[in-house]
Amino acid sequence: MTVDFTLPAALEAHEPPEARGRTRDGVRLLVSRRATGEVSHHGFRDLPALLDPGDLLVVNTSATLPAAVRLDRISVHFSTPVPGADDRLWLVELRRLTGKASRPYSGGCPGEWIPMPGGATLTLVGRHEHATRGESDRLWQARLSTDVVPYLRRHGVPIRYGYVRRDWPAAAYQTAFAHDRSAGGAEMPSAARPFTPELVTRLVSRGVLIAPITLHTGVASPEAHEPPYAERYTVPEATAALVGHVRERGSRVIAVGTTAVRALETAVDAAGRVQAASGWTEHVVTPEGGVQAVDGLLTGLHEPKSSHLMMLTAIAGRDLLNATYEAALAERYLWHEFGDLNLIVPG
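Here goes a summary of the coordinates provided. (Residues numbered from 1 in each chain as written. Predicted model: local features only at pLDDT ≥ 70, side-chain atom pairs only at ≥ 80, totals over all residues. Heavy atoms only, no water.)

## Comments concerning the overall build of the chain
Part 1 of the reasoning: Looking only at helices and strands, one finds 7 helices and 18 strands in the chain.
Part 2 of the reasoning: Taking the principal axes of its C-alpha atoms as reference, the chain extends roughly 55 × 45 × 35 Å.
Part 3 of the reasoning: Expressed as a percentage of its 347 residues, the buried residues of the chain come to 54%.
Part 4 of the reasoning: Looking at the chain alone, contacts between residues at least 24 apart form 72% of all its contacts between residues at least 6 apart.
Part 5 of the reasoning: Looking at the chain as shown, the accessible area adds up to about 14400 Å², and 50% of this sits on carbon and sulfur atoms.
Part 6 of the reasoning: Each charge class in the chain can be summarised by its mean position, and for the 36 positive and 38 negative side chains these summaries are 5 Å apart. (Helix = DSSP H or I, 4+ residues; strand = E, 2+ residues; numbered from the N terminus. Buried < 20%, exposed > 50% of the residue type's maximum accessible area, 1.4 Å probe, protein only. Contact = heavy atoms within 4.5 Å. Areas by Shrake-Rupley, 256 points an atom, 1.4 Å probe, with all protein chains shown as cover. Lys, Arg positive; Asp, Glu negative; His and termini not counted. Charge placed at Lys NZ, Arg CZ, Asp CG, Glu CD.)

Okay, structure coming up:
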C-alpha cells in the first residue's frame, strides 16, 4: 500500500468524542516507532507513559476563529489577513451551500460586493496571486467593511466540512492551549484537541516539558489537497532556547500537530538550530528536505493525497507510514479533527 489510499466513509469522525459518550482524551492513539518499525495501539490517556522525562512537547496556542459566515446560497470562509495589508483585507474562499455541506464556488468577479449579515459588505478585490503557484482558483482577496475578527466573533461559525453532520459550538474547536482570542486561525490545530488540564498535569508530573509556538492556520483545501499558503507564526525566544537545550541533552522534541512542525522548521537557521522568529511562513516540509528541529510528531490521521502526508513521510519514512495507515484502516481508527491520533517517535 502507498499513502494514496481509500478512506471508507465509516471511518470519518462525524462528531466530537464527547458526543460519542467519551471524554476529550478518550480517543485512541496509534504509536509508530522508527527504530523498530513497530506499530502499537493505545488510548490517548496513555501518552504520559509513552514519553520520557525530559521530552519536549511543542504545542500551538492558536485559538480557532468562527471563520465561516453563511449566507443564503454561499458560505464565506475567512482564511488569513493579506500580508502587509490592514485588518479588513483578507483571503477568503467562497463555497456553495449544498444541504448540510458545501462545495467550492467558482463564481464571483473583481469588484463584486456581497451583502453580509449585520449590515456589512464584502468586496471581492481580485483572485489571490501566489509568487510561484500563480493565480488561485479558490482564494480571493476581499475587503470587509469592518474589522474582520470582531465581525467573525459576532456573525461567524466554525468551519465545518461535509463529514461533520451538524454544527458544534465554538468551544468544541478550542484546544486546552488556546489563549489569545483576539486573533486566531481559520481551522483548529486539532492534534492538541484531546489534551485536558488533567492530562497536562500528568505529563508535567512525569517530567515532560511543554513549550508554545503560535501558527494561525488558513483554510484547508479538502478537494484540491493544496499545500498551505502563507500563514502567520511565532516561535518565542524561550521555546527556541528550550528546543536547543532538550536536543543537546539527547532528549526528544515532539511537535503536537503539523502546524508546530511548520513553525519550528521555518525558524531553523543555517546551522540547524531553532531561533526565535515570527512573521509569515510558506515553508512546506517534504521527504526531500527533511526536518531538522523535531524528532517526533503527534498528529491526526490525514486524508489520502493530503499535502500533510509529505511531512509525515519526512518524519516517519514511507515504510513506517504505510504500516501505520494499514494498521489504522484495519483497526478502524477514526479520521479528521474529531478523530484518533498518531504518535510518531524515533524508538
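## Section: the packing of helix 5 (residues 258-266) against helix 6 (residues 308-316)
Part 1 of the reasoning: With their axes 11 Å apart at the nearest point, helix 5 and helix 6 run at an angle of 70° to one another. In this view, helix 5 runs roughly perpendicular relative to helix 6, as classed from their interaxial angle. In this structure, helix 5 contributes Thr258, Val261 and Arg262 to the contact, and helix 6 contributes His308, Met311, Leu312 and Ile315.
Part 2 of the reasoning: Residues of the contact of helix 5 with helix 6, tallied by class, amount to 4 nonpolar, 2 polar and 1 charged. (Axes fitted to C-alpha atoms, helices over the stretch in contact; angles between N-to-C directions. Parallel < 35°, antiparallel > 145°, perpendicular 65-115°, else oblique. Nonpolar A, V, L, I, M, F, W, Y, C, P; charged D, E, K, R; others polar.)

## Re the pairing of strand 1 (residues 28-33)
Part 1 of the reasoning: With 5 of its 6 residues buried, strand 1 lies for the most part within the structure.
Part 2 of the reasoning: Two strands pair when backbone bridges link them, and strand 1 and strand 18 (residues 341-345) are joined in this way by 5 bridges, in the parallel orientation. The partner of Leu30 across the bridge, within strand 18, is Asn342. (Pairing = 2+ DSSP bridges.)

## A closer look at the pattern of salt bridges
Part 1 of the reasoning: All told, the structure shown has 16 salt bridges when counted by the stated rule.
Part 2 of the reasoning: For Arg193, the salt bridge identified is with Glu18, shortest N-O distance 2.9 Å. Placement of Arg193 in the loop between strand 12 (180-185) and helix 3 (197-206) and of Glu18 in the segment before strand 1 is noted, with a sequence separation of 175 residues between them.
Part 3 of the reasoning: Judged by relative accessible area, which is 2%, Arg193 ranks as buried.
Part 4 of the reasoning: A salt bridge links Arg95 to Glu93; the nearest nitrogen and oxygen atoms lie 3.2 Å apart.
Part 5 of the reasoning: According to the relative accessible area criterion, Arg95 is buried, its value standing at 0%. (Salt bridge = Lys/Arg side-chain N within 4 Å of Asp/Glu carboxyl O.)

## Let's talk about the packing of aromatic side chains
Part 1 of the reasoning: According to the stated counting rule, one finds 7 aromatic pairs in the structure shown.
Part 2 of the reasoning: Ring centres of Phe5 and Trp335 lie 6.0 Å apart, and the angle between their planes is 55°; on these two criteria the pair is classed as tilted. In this pair, Phe5 is assigned in the segment before strand 1 and Trp335 in the loop between helix 7 (318-330) and strand 18, connecting sequence segments 330 residues apart.
Part 3 of the reasoning: Considering the side-chain rings of Phe44 and Phe195, the 5.2 Å spacing of their centres and the 85° angle between planes classify their relative orientation as edge-to-face. Within this pair, whereas Phe44 is found in the loop between strand 2 (39-43) and helix 1 (47-50), its partner Phe195 is found in the loop between strand 12 and helix 3, the two being separated by 151 residues in sequence. Like Phe195, Phe44 is buried.
Part 4 of the reasoning: What links up through ring pairs into an aromatic cluster is the set Phe5, Tyr325 and Trp335.
Part 5 of the reasoning: Positioned over the ring face of Tyr333 is Arg28, at 3.9 Å from the centre of the ring.
Part 6 of the reasoning: Across the ring face of Trp168, the terminal group of Arg166 is positioned such that the distance to the ring centre comes to 3.6 Å. (Phe/Tyr/Trp six-rings, centres within 6.5 Å; stacked < 30°, edge-to-face > 60°. Lys NZ or Arg CZ within 6 Å of the ring centre and 35° of its normal.)

## Focus on helix 2 (residues 148-155)
Part 1 of the reasoning: The complete set of buried residues in helix 2 reads Val148, Val149, Tyr151 and Leu152. The arc that holds every buried residue of helix 2, seen down its axis, measures 160°, which confines them to one face. (Arc of directions from axis to C-beta.)

## Some points on the pairing of strand 7 (residues 89-98)
Part 1 of the reasoning: Counting buried residues along strand 7, 7 of its 10 residues qualify, which places the element largely inside the surrounding structure.
Part 2 of the reasoning: Where strand 6 (residues 74-81) lies against strand 7, 7 bridges are found, and the strand directions are antiparallel. Bridge pairing links Ile74 to Arg96 in strand 7.
Part 3 of the reasoning: As judged from the 4 bridges shared by strand 7 and strand 8 (residues 101-104), these two strands associate in the antiparallel manner. From the neighbouring strand, Leu97 faces strand 8, where its bridge partner is Ser102.
Part 4 of the reasoning: Connecting strand 7 to the next strand, strand 8, in antiparallel fashion are 2 residues, including Gly99 with a positive phi near 65°.

## Let's talk about the nonpolar core
Soluble globular proteins tend to pack their nonpolar side chains together in the buried interior.
Part 1 of the reasoning: With 42 residues, the main nonpolar core has Val235, Leu264, Val274 and Trp335 as its most contacted residues.
Part 2 of the reasoning: Of the residues forming this core, the biggest block, 6 residues, is contributed by helix 6.
Part 3 of the reasoning: Dropping the residues within four chain positions of it, Val235 is found in contact with Ile213, Ala240, Ala263, Leu264, Ala267, Val274, Gln275, Ala276 and Ala277.
Part 4 of the reasoning: Counting residues in each nonpolar core, the second largest holds 41 residues, with Leu65, Leu94, Ile159 and Tyr161 among its members. (Core = buried A, V, L, I, M, F, W, Y, C linked by side-chain atoms within 4.5 Å.)

## Quick look at the packing of helix 6 against helix 7
Part 1 of the reasoning: At their nearest, the axes of helix 6 and helix 7 sit 7 Å apart, and the two run at 115° to each other. Contact with helix 6, carried on its side by Leu309, Leu312, Thr313 and Ala316, involves Arg318, Leu320, Leu321 and Tyr325 of helix 7 and no other residues of that element.
Part 2 of the reasoning: Tallied by class, the residues present in the contact of helix 6 with helix 7 amount to 6 nonpolar, 1 polar and 1 charged.

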